[in-house]
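Analysis of the macromolecular model
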Amino acid sequence: PIQDLVHEGQQILVQIAKDPISTKGARIKTHITLPGRFTVFMPTVDHVGISRRIDKDKERRKLREFVEKNRPDGCGFIVRTICSGQSRDTLKQDMDYLIHIWEKIKTKHAKAKAPALLHADHGLALRVVRDSFTKNVDRLMVDSPEEHNDIVNFVKIFAPQLLDRIKLYR
C-alpha cells in the first residue's frame, strides 16, 4: 500500500507525466526520465534499452556495449531510433548532456523546499529541433528573434555542424 511507502510531510522527487485536466490532478511518477536527442536518461532505473526499430543485431549490440560502458552506476538509458548510424562521440555527448542536467536537478533538489519546480522540459520549438532537426534538413527558418537565439544556443550543444542552416526570417 502507498501508506507503507510514503508518509505525510515526506518530500519526494517526482516528475509530471501528464498535466492536470478538468477535475483530475496531474499524473506523477518517481522514475524520472530526461529525453535527449539520441537517448532517454533514466537516473533512477538501472537498465539499458535499445529501440526495437534498430533492427541490426550488430548495431544493437555495439550500442548496448557503449552505453553500458559509459553510463553512471545505477542509472539507465534508452537508445532512441535516431541514434542508429550516429558516431559514438555524438552519443557520448548526448549522454553527458543529460547527466549534466540530472546533476543540476539534484543540486536544486538539495536546496529547494517542496513544492518546487526543479526542471522544465524544453518548449515546443526546441523539442522539434531536438527530435527532427537533422542533416537531412536543408534549412530551418525562424521568425522570432528570441526563439532563433534559443535554437542557435541549443544547436551549438547538440549539433554544431548544423548551425549554418538556421536562419532568422525577417
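Look up: the structure comes first, before these words.
The following paragraphs examine the structure supplied in this document.

Calculation criteria
- Residues numbered from 1 in each chain as written.
- Predicted model: local features only at pLDDT ≥ 70, side-chain atom pairs only at ≥ 80, totals over all residues.
- Heavy atoms only, no water.
- Pairing = 2+ DSSP bridges.
- Helix = DSSP H or I, 4+ residues; strand = E, 2+ residues; numbered from the N terminus.
- Core = buried A, V, L, I, M, F, W, Y, C linked by side-chain atoms within 4.5 Å.
- Buried < 20%, exposed > 50% of the residue type's maximum accessible area, 1.4 Å probe, protein only.
- Contact = heavy atoms within 4.5 Å.
- Patch = residues over 30% accessible without salt bridge, like charges linked within 9 Å, V, L, I, M, F, W, Y side chains within 5 Å.
- Areas by Shrake-Rupley, 256 points an atom, 1.4 Å probe, with all protein chains shown as cover.
- Salt bridge = Lys/Arg side-chain N within 4 Å of Asp/Glu carboxyl O.
- Lys, Arg positive; Asp, Glu negative; His and termini not counted.
- Charge placed at Lys NZ, Arg CZ, Asp CG, Glu CD.
- 1 Å grid on protein atoms, 1.4 Å probe; cavity = no way out; pocket = protein on both sides within 12 Å on 5 of 7 lines; lining within 4 Å.
- Points joined across faces, edges and corners; volume = space filled by probe spheres on them.
- Nonpolar A, V, L, I, M, F, W, Y, C, P; charged D, E, K, R; others polar.

Notes on the sheet that holds strand S3 (residues 34-35)
One open sheet accounts for four strands, arranged S3-S4-S6-S5; its pairing is mixed. The sheet is open, and its two edges are formed by S3 and strand S5 (48-50), each paired on a single side. In the sheet, strand S4 (residues 39-42) pairs with strand S6 (residues 76-79) via four bridges, with the strands oriented antiparallel. Among the inter-strand pairings, Val40 is bridged to a residue of S6, identified as Ile78.

Observations concerning the nonpolar core
Core analysis: the largest hydrophobic core is formed by 35 residues, its most contacted members being Leu34, Phe41, Leu91 and Val155. At the level of elements, S5, helix H2 (57-70), S6, helix H3 (88-111), helix H4 (124-132) and helix H5 (145-158) are the ones that each hand at least two residues to this core. The greatest single-element share of this core, amounting to eight residues, is contributed by H3. When sequence neighbours within four positions are dropped, the list of residues in contact with Leu34 reads Thr39, Val40, Phe41, Leu98, Ile101, Trp102, Ile105 and His119.

Section: a nonpolar patch on the surface
A cluster of nonpolar side chains, Ile12, Val14, Ile16 and Ile28, forms an exposed patch at the surface whose accessible area comes to about 320 Å². Relative to the assigned elements, Ile12 resides in the loop between helix H1 (2-5) and strand S1 (15-18). According to the relative accessible area criterion, Ile12 is partly exposed, its value standing at 42%.

A short note on a negative patch on the surface
Residues Asp143, Glu146, Glu147 and Asp150 make up a contiguous surface patch of negative charge. By the secondary structure assignment, Glu146 is in helix H5.

Concerning the layout of surface pockets
A water-sized probe rolled over the atoms picks out the places where empty space is left. What the largest pocket holds in volume is close to 710 Å³. For the largest pocket, the lining is made up of 33 residues, of which Val14, Gln15, Ile16, Leu117 and His119 are closest to its centre. If you list the elements that add at least two residues to the lining of the largest pocket, you get S1, S3 and H3. With six residues, H3 is the largest single contributor of residues to the lining of the largest pocket. Among the residues forming the lining of the largest pocket, the class breakdown is 21 nonpolar, seven polar and five charged. Its volume calculated, the second largest pocket comes out at about 250 Å³. In this structure, the second largest pocket is lined by 16 residues; those nearest its centre are Phe38, Gln86, Thr134, Lys135 and Gln161. Taken together, the residues that form the lining of the second largest pocket break down as six nonpolar, eight polar and two charged.

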